[in-house]
Amino acid sequence: MNSLNSASTLETHLETQTGIYPTLQYLVRFLPWDSKRISDHLREECKHNPFIVENSDFHTSEALLDDILPNWYSPIAQELSLSEHLFGQISALSIPSRQREALIYLTQWLSNSGYLEETPKLWADGSIWSAKELEDVVPILQSLDPPGIGTRSLQECLLIQLKNQPESLAFLLVKNYLEDIANCIGNTSESKHNYQVLLQKINQNINVDIEKITNAIHEIQELEPRPARNFGGSDAPIVTPDLKVGLIAGSWQISLAYEVKQRFCLNSEAIRLLQESPKSRRDTQQLEALLQKARNLLTALQQWQENLLKVGQFLVERQQAFLQSRDKLDLVSTPQQLVAQSVGLSNSTVSRIVRGRYILVCNQHSRIIPLHSLCVPVGVGGRTPQQIQQMLLQLIAEESPANPYTDEQLAQLLKIRFCLPITRRTVTKYRKISGIKSSHHRKLTDKKMGSKSRKQGSLLKYQS
């Protein structure tokens, strides 16, 4: 009797495994995919499987960035990243070390296009610099390559690229008529009308013909509107966020950016025909296999969305302060192992979910951030790496230029000031990550600056 019960249990278990295993296969395949890729895969499946269809009643635009750039747009990136490109130039500047460190810090506020985001007050919040100090180094950042880097608007970006031609018609158009120029682009009757209106406006101040204006507009179109887009370690593909967060009643709430599951469903008409129509055993088996595949796909899709929301919800709840301030110092240590334990998923599953996935942060200045940026590893003493770097910068800003702190002294000060147990070797690692030179080089830089100041003082005295 016991053997019969065991056999029955085993048979039930095997039948369950037969149904679950294909679903797991699809789920594992879906986990690292974004919603756009999954949608494309299911649309392709609809062509060959009569039991799965796209819901015609569910129509929303899936394109966020696709409205701006087509799918085939994928510019070839340079091997050097933008940060490396800028840090190399900043290190060669003959400026005080505090300004140099402020410049390096300011690069964290550059968007992927190369524009400076937010305000000086927000830059300075939580840093060792005042808003004025950071604002004062913006012109230095804008003097670096690529032209237009560190600007805060399209107009400012284009004007900096035309700064050597302040008397040119192109400079005048960008300065006073940029919005009018945008309305003139194209071959529609409206754009042609706007072109004539622009010509009349310009001729009220200066007398120019259509050919000169056309040439000036072409010159403007050849400028780079996004100076940082060609930098990076790999191609710069378009990304589609799978999650979005918004501020609701003072708390950040997460949801799916696209309800992929609601876009596809079982074809009830095809299922009815299968059940009612007489079929040969072979045909029936083939159709039933397709129906089971459709069910497995939709079940895997549902689990994909649920797992994605689980992980996203946990990370958003942990990083409420960061989402509000956008200051990396407000990030809470959240390793992937902690996420996995908290949401009841395996570490490998969480790794697949956070890798290469993005969140759309909806607020006054909407932005897209990588999901993995919220999974902050635990540094020394439970502090995040960004917090340790900020502590180092604070200590170095207070040091005597003539007698800068060694890494050993920095380790001791971190223990005393911040109760952070840290070794000299670890201090060296974080100092290098922050782009801070050794005490020997910082001392040499200060001596050179002092010598240069004395020479300038002697020259001024001689001239007077």
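Keep in mind the model is a prediction, meaning the values are calculated, not measured.

### Some details on the overall build of the protein chain
And step 1. From N to C terminus, the protein chain includes 20 helices and 6 strands.
And step 2. For the protein chain, with 464 residues in total, the buried portion stands at 39%.
And step 3. Pairs at least 24 residues apart make up 66% of the contacts formed inside the protein chain by residues separated by at least 6 positions.
And step 4. Here the protein chain displays about 26,200 Å² of accessible surface, and carbon together with sulfur accounts for 52% of that area.

### Structural notes on the nonpolar core
And step 1. Judged by nonpolar contacts, the single largest core of 50 residues is most densely connected at Phe-30, Trp-304 and Val-311.
And step 2. Here this core takes 12 residues from helix α13 (residues 281-318), the largest share from any one element.
And step 3. Leave out the neighbours within four places in its chain, and Trp-304 touches Leu-27, Phe-30, Leu-31, Trp-33, Asp-34, Ser-35, Ile-38, Asp-242, Val-260 and Arg-357.

### Considering the pairing of strand β2 (residues 243-248)
And step 1. Direction of pairing for β2 relative to strand β3 (residues 251-256): antiparallel, over a ladder of 6 bridges. Within β3, the residue paired with Ile-248 across the bridge is Ser-251.
And step 2. The turn linking β2 back onto β3 is made up of 2 residues, and Ala-249 within it adopts a positive phi angle of 55 degrees.
And step 3. Alignment of β2 against strand β5 (residues 358-362), held across 4 bridges, turns out to be parallel. Following the sheet pairing, Leu-243 is matched in β5 by Ile-359.

### Concerning the packing of aromatic side chains
And step 1. The full count for this structure, using the stated rule, is 2 aromatic pairs.
And step 2. Ring centres 5.8 Å apart and planes at 45 degrees place the aromatic pair Phe-30 and Trp-33 in the tilted group. Trp-33 shares its class with Phe-30; the two are buried.

### Let's talk about helix α11 (residues 210-221)
And step 1. For α11, with 12 residues, the first-to-last C-alpha span of 16 Å sits near the 16 Å given by 1.5 Å per residue.
And step 2. Taken together, the buried positions of α11 are occupied by Ile-213, Ala-216, Ile-217 and Ile-220. Down the axis of α11, the sector holding all buried residues measures 100 degrees, keeping them to one side.
And step 3. Buried residues along α11 sit against α8 (154-161), α9 (169-184) and α10 (189-203).

### Points about the pattern of salt bridges
Side chains that differ in sign of charge can pair as their charged atoms come close.
And step 1. Taken as a whole and judged by the stated rule, the model has 13 salt bridges.
And step 2. For Asp-136, the salt bridge is made with Lys-132, and the minimal N-O distance between the two is 2.9 Å. Within this pair, Asp-136 and its partner Lys-132 are both found in helix α6 (residues 131-136), separated by 4 residues, close to a single helical turn.
And step 3. Using a relative accessible area of 57% as the deciding quantity, one classes Lys-132 as exposed.
And step 4. Connected via shared salt-bridge partners are Lys-36, Asp-40, Arg-43 and Glu-54.

### Notes on helix α3 (residues 82-91)
And step 1. Every buried residue of α3 is accounted for by Leu-82, His-85, Leu-86 and Ile-90. Projected onto a plane normal to the axis of α3, the buried residues spread over an arc of 130 degrees and lie on a single side.
And step 2. Contact partners of the buried residues in α3: α4 (97-106).

### Regarding unusual backbone geometry
And step 1. Going from Asp-145 to Pro-146, the amide bond is cis rather than trans, its omega being 5 degrees.
And step 2. Looking at the element boundaries, Pro-146 is found in the loop between α7 (138-142) and α8.
And step 3. Of note, Glu-118 is a non-glycine position whose phi angle comes to about 70 degrees, a positive value.
And step 4. A relative accessible area of 19% places Glu-118 in the buried class.
And step 5. The backbone of Ala-249 sits at a positive phi, close to 55 degrees, despite the residue not being glycine.
And step 6. With respect to the helices and strands, the residue Ala-249 is situated in the loop between β2 and β3.

### Here's the deal with the sheet that holds β2
Pairing between the strands of a sheet is mediated by backbone hydrogen bonds and can be parallel or antiparallel.
And step 1. The 4 strands lie next to each other as β3-β2-β5-β6, forming an open sheet whose pairing is mixed. The open sheet terminates on both sides in strands that have one partner only, identified here as β3 and β6 (367-370). Across this sheet, the average inter-strand angle for adjacent strands is 30 degrees, counted without regard to direction.

### Examining the confidence of the model for the protein chain
Detail in the predicted coordinates should be disregarded across regions flagged by low pLDDT.
And step 1. On average, the protein chain scores 78 in pLDDT, and the residues at 70 or more come to 81%.
And step 2. Within the protein chain, α7 carries the highest mean pLDDT (94), whereas helix α20 (residues 439-463) carries the lowest (53).
And step 3. Under a pLDDT of 50 for its full length, residues 233-237 has, in the predicted model, 11 contacts with residues more than four places off or in other chains.
And step 4. Segment residues 451-464 is flagged for pLDDT under 50; beyond a separation of four residues in sequence, or across chains, it makes 1 contact in the model.

### Describing the environment of Ala-257
And step 1. In this fold, Ala-257 is placed in the loop between β3 and β4 (264-266).
And step 2. Residue class for Ala-257 comes out buried when judged on its relative accessible area of 18%.
And step 3. Put simply, Ala-257 and Asp-242 are 15 residues apart on the chain and 5.1 Å apart in space, counted from C-alpha to C-alpha.
And step 4. Not counting chain neighbours up to four residues away, the residues in contact with Ala-257 comprise Pro-241, Asp-242, Leu-243 and Lys-244.

Cut-offs used in this document
The residue count restarts for each chain, going from 1 along the sequence in the order it is written. It should be noted that, the model being predicted, local features are given only for residues of pLDDT at least 70 and side-chain atom pairs only at 80 or more, the latter also being counted only at that level, while totals for whole chains, interfaces and linings use all residues. Side-chain metrics rest on all non-hydrogen atoms present in the structure, leaving aside hydrogens and water. The helix and strand labels rest on DSSP assignments: H or I over at least four residues marks a helix, E over at least two residues marks a strand, and numbering proceeds from the N terminus. Exposure classes here rest on a 1.4 Å probe applied to the protein chains alone. A residue is buried below 20% of its type maximum, exposed above 50%, and partly exposed in between. We call two residues contacting when some pair of their heavy atoms lies within 4.5 Å. Residue exposure ignores everything except the shown protein chains as possible cover, and the areas themselves are Shrake-Rupley values with a 1.4 Å probe. Only buried residues count toward a nonpolar core. Its members are Ala, Val, Leu, Ile, Met, Phe, Trp, Tyr and Cys residues joined through side-chain atoms within 4.5 Å. Any two strands are treated as partners once DSSP identifies two or more bridges connecting them. Paired rings are identified among Phe, Tyr and Trp, the last through its six-membered ring, by centres lying within 6.5 Å, and are further divided according to the angle between planes into stacked (under 30 degrees), edge-to-face (over 60) and tilted (the rest). The length a helix should cover is 1.5 Å for every residue beyond the first. The arc under discussion is defined with respect to the helix axis, by the directions toward the C-beta atoms. Here, a salt bridge means any side-chain nitrogen of Lys or Arg that lies within 4 Å of a carboxyl oxygen of Asp or Glu. Helix axes are fitted to C-alpha atoms over the stretch in contact, other axes to C-alpha atoms as well, and angles between N-to-C directions run from 0 to 180 degrees. Across the chain, each position has a pLDDT score giving the predictor's confidence in that residue, from 0 to 100.

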